[in-house]
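If you want the building blocks of each chain, they are given just below.
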Amino acid sequence: MRVVLKLGTSVLTAGTDRLHRPRLVDLIRGLAAVREAGHEAVLVSSGAVLAGWETLGFPPRDRTVAEKQVLAAVGQSRLMHTYAQLADLYGMNVAQVLLTADDFRNRTRYLNARTTLEGCLSRGVLPIINENDAVAVEQIKVGDNDTLSAFVANLVEADLLVILTDAPGLYTADPRLDPHATLIPEVARVTPEIWALAGGAGSHRGTGGMHTKIQAAEIATRAGTPVVIAPGDAPDALSRVVAGEALGTRFHASGSRLEARKRWILAEITTGRVHLDDGAAQAVRERGGSLLPAGIHRVDGTFGRGQTISLLAPDGSEVGRGLSRYASVDLARIAGHHSREIEGLLGFTYGPEAVHRDDLIRL
Ligand code: GLU
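A quick note: this is a predicted structure, and the numbers were derived from the prediction, not measured.

**Side note on the UniProt feature "binding site: substrate" (unreviewed entry) in the protein**
For step 1, the next point in the chain: UniProt records the feature "binding site: substrate" (unreviewed entry) at Ser46, Asp133 and Asn145, using the numbering of this structure. For the residues just named, distributed over 100 residues, the greatest C-alpha separation is only 11.0 Å, placing them together at one site.
For step 2, the next point in the chain: Owing to a relative accessible area of 14%, Asp133 belongs among the buried residues under this scheme.
For step 3, the next point in the chain: For Asp133, the contacting residues outside a window of four places in its chain are Gln69, Ala72 and Lys141.
For step 4, the next point in the chain: Mapped onto the secondary structure, Asn145 falls in helix α7 (residues 145–155).

Okay, structure coming up:
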């Protein structure tokens, strides 16, 4: 199973106003246990601004954007240093990946980020993701790490998104105000009633609250990834959730991953067209197989890496659409060639496929 774990500032501080090392040890040990059980893990972690405050001593409240960016820039490296040290205890290597809204909007960047994360996972490296706060101002930010974690879950097509927080899960009412409030163990679909339970913002240290968590749950479940919101202070929370234990609130997937991917691929107006030879057209049409450069005999239009292109059979009929791994100029140069020649022709390679099977929709 591929799991994305999101840790908010309130979990990392364990209710204090600093990064809580013993808590961090527990969390990293939990991640190591999940990986040892054969799962893949991606961590989305907040805490940069907080770690910056810890280092520089000025609190983030009422700061200018530039000051907060300084805090984040200082704190992010401290945070990663801490994670790297702890992960080392469990024999794990970590990678820092800083993303922002453009990395999800722009298809070239999307594909590049995905390639990097897949590369980390296939080499057993634990990617640790945060928003790139040092360069992202309000207008171009995802804005909160709950939403970021849902985007990441889509990006890596996670089987599960676990959001650990300082609440036991989603309640029927605010448990601080209503003694009759009870935990909702399962949510089949994010309805307006569920939204109504989200209330306002949560703890004062993090950016989120239940609202951004419900939003994250809606984004991820629609794209086929179930989500669990669980208490970060419960012992072995992550392992238990991954093992399927009823802890916190579980949101069931409402869409399928394939549908979400299809929507994404088909949503873009295609300007690029590649003409395939008979064999390649047949492979796409009948088996939905990857398209190799060797099967392409002409490239029409201008497109970038990651853009949706149309795949045409020799008779001009459209057999499929997919995300091109190469920009049109590059694809034109490698068309008709064996994949092992790509590096020689271009001086680089994004892999042997022009369009990978996973990025291809048969029509
Ligand atoms: N990216 C922010 C940080 O690391 C946190 C954002 C959030 O709390 O959702 O400090």
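Next, the rest of the story.
**Quick look at the packing of aromatic side chains**
Two measures describe an aromatic ring pair: the distance that separates the ring centres and the angle between the ring planes.
For step 1, the next point in the chain: Under the counting rule described, the total for this entry stands at three aromatic pairs.
For step 2, the next point in the chain: Ring centres of Phe104 and Phe151 lie 5.2 Å apart, and the angle between their planes is 50°; this geometry places the pair in the tilted category. In this pair, Phe104 is assigned in helix α5 (residues 101–105) and Phe151 in helix α7, connecting sequence segments 47 residues apart.
For step 3, the next point in the chain: Residue classification places Phe104 among the buried residues on the basis of a relative accessible area of 11%.

**A look at the sheet that holds strand β8 (residues 249–251)**
In any sheet, the strands associate via hydrogen bonds between backbone groups, in a parallel or an antiparallel arrangement.
For step 1, the next point in the chain: One open sheet accounts for eight strands, arranged β3-β4-β2-β1-β5-β7-β8-β6; its pairing is mixed. Each of the sheet's edge strands pairs with one partner strand only, and the pair in question is β3 (94–99) and β6 (186–187).
For step 2, the next point in the chain: Each of β1 (2–7), β2 (40–45), β3 and β4 (126–131) touches helix α6 (residues 107–122); the most contacted strand, β4, lies at about 145° to it.
For step 3, the next point in the chain: Its contacts with the sheet place helix α9 (residues 210–222) against β1, β5 (160–165), β7 (227–231) and β8, and it is angled at close to 150° to β7.

**Digging into the UniProt feature "binding site: ATP" (unreviewed entry) in the protein**
For step 1, the next point in the chain: Those residues carrying the UniProt feature "binding site: ATP" (unreviewed entry) are Lys6, Thr165, Asp166, Thr207, Gly208, Gly209, Met210, His211, Thr212 and Lys213 in this numbering.
For step 2, the next point in the chain: Mapped onto the secondary structure, Gly209 falls in the loop between α8 (192–197) and α9.
For step 3, the next point in the chain: When its relative accessible area of 8% is taken as the criterion, Gly209 is described as buried.

**Quick word on the side chain of Thr13**
For step 1, the next point in the chain: Checked against the element boundaries, Thr13 lands in helix α1 (residues 9–13).
For step 2, the next point in the chain: In contact with Thr13, other than residues within four places in its own chain, are Arg18, Leu19, His20 and Leu50.

**A few points about the sheet that holds strand β12 (residues 318–323)**
For step 1, the next point in the chain: One open sheet holds the five strands; their spatial order is β10-β9-β11-β12-β13, and the pairing between them is mixed. Because the sheet does not close on itself, it has two edges, and the strands there are β10 (296–300) and β13 (360–362). Across the sheet, the mean angle from the axis of one strand to that of its neighbour is 25°, orientation sign disregarded.
For step 2, the next point in the chain: Sheet topology note: the strand β9 (residues 272–276)/strand β11 (residues 308–312) ladder contains four bridges and is parallel. Looking at the pairing, Gly272 lines up with Ile309 of β11.
For step 3, the next point in the chain: Here helix α11 (residues 257–267) sits on the sheet in contact with β11, β12 and β13, set at roughly 100° to β12.
For step 4, the next point in the chain: The strands touched by helix α12 (residues 278–287) are β9, β11, β12 and β13; relative to β13, the strand with the most contacts, the crossing angle is about 80°.

**What to know about helix α3 (residues 48–56)**
Three or four residues apart is the spacing at which side chains of an α-helix point the same way, because the helix has 3.6 residues per turn.
For step 1, the next point in the chain: Buried within α3 are the following residues: Ala48, Leu50, Ala51, Gly52 and Trp53.
For step 2, the next point in the chain: Lining the buried residues of α3 we find α1, α4 (65–89) and β4.
For step 3, the next point in the chain: Gly57 lies just past α3 and shows a positive phi near 85°.

**Some details on the pattern of salt bridges**
For step 1, the next point in the chain: Tallying each qualifying case throughout the model produces 18 salt bridges.
For step 2, the next point in the chain: The partner of Glu67 in a salt bridge is Arg63, with the nearest N and O atoms 3.8 Å apart.
For step 3, the next point in the chain: Relative accessible area serves as the criterion here: at 28%, Arg63 is assigned to the partly exposed category.
For step 4, the next point in the chain: Across the pair Asp146 and Lys213 runs a salt bridge whose closest N-O atoms are separated by 3.1 Å. On the criterion of sequence distance, the pair formed by Asp146 in helix α7 and Lys213 in helix α9 is long-range, its members being 67 residues apart. The two residues Asp146 and Lys213 agree in class, both being buried.

**Regarding the packing of helix α2 (residues 21–36) against α4**
For step 1, the next point in the chain: Interhelical geometry of α2 versus α4 gives an angle of 55° and a closest axis separation of 10 Å. With respect to α4, the axis of α2 lies oblique. Seen from above, α2 lies across α4 with right-handed handedness. Contact residues: Arg21, Leu24, Val25 and Ile28 in α2; Thr82, Tyr83, Leu86 and Ala87 in α4.
For step 2, the next point in the chain: Taken together, the residues of the contact of α2 with α4 break down into six nonpolar, one polar and one charged.

**Topic: the environment of Ala113**
For step 1, the next point in the chain: Here Ala113 lies in helix α6.
For step 2, the next point in the chain: Using a relative accessible area of 9% as the deciding quantity, one classes Ala113 as buried.
For step 3, the next point in the chain: Considered as a pair, Ala113 and Val319 are 206 residues apart in the sequence and their alpha carbons are 28 Å apart.
For step 4, the next point in the chain: Apart from the residues within four sequence positions on either side, Ala113 is in contact with Leu99 and Leu155.

Reading the values: the criteria
Residues numbered from 1 in each chain as written. Predicted model: local features only at pLDDT ≥ 70, side-chain atom pairs only at ≥ 80, totals over all residues. Heavy atoms only, no water. UniProt positions renumbered as here; feature names shortened; annotations may be inferred. Buried < 20%, exposed > 50% of the residue type's maximum accessible area, 1.4 Å probe, protein only. Contact = heavy atoms within 4.5 Å. Helix = DSSP H or I, 4+ residues; strand = E, 2+ residues; numbered from the N terminus. Phe/Tyr/Trp six-rings, centres within 6.5 Å; stacked < 30°, edge-to-face > 60°. Pairing = 2+ DSSP bridges. Axes fitted to C-alpha atoms, helices over the stretch in contact; angles between N-to-C directions. Salt bridge = Lys/Arg side-chain N within 4 Å of Asp/Glu carboxyl O. Parallel < 35°, antiparallel > 145°, perpendicular 65-115°, else oblique. Left-handed = near helix turned anticlockwise from the far one by under 90°. Nonpolar A, V, L, I, M, F, W, Y, C, P; charged D, E, K, R; others polar.

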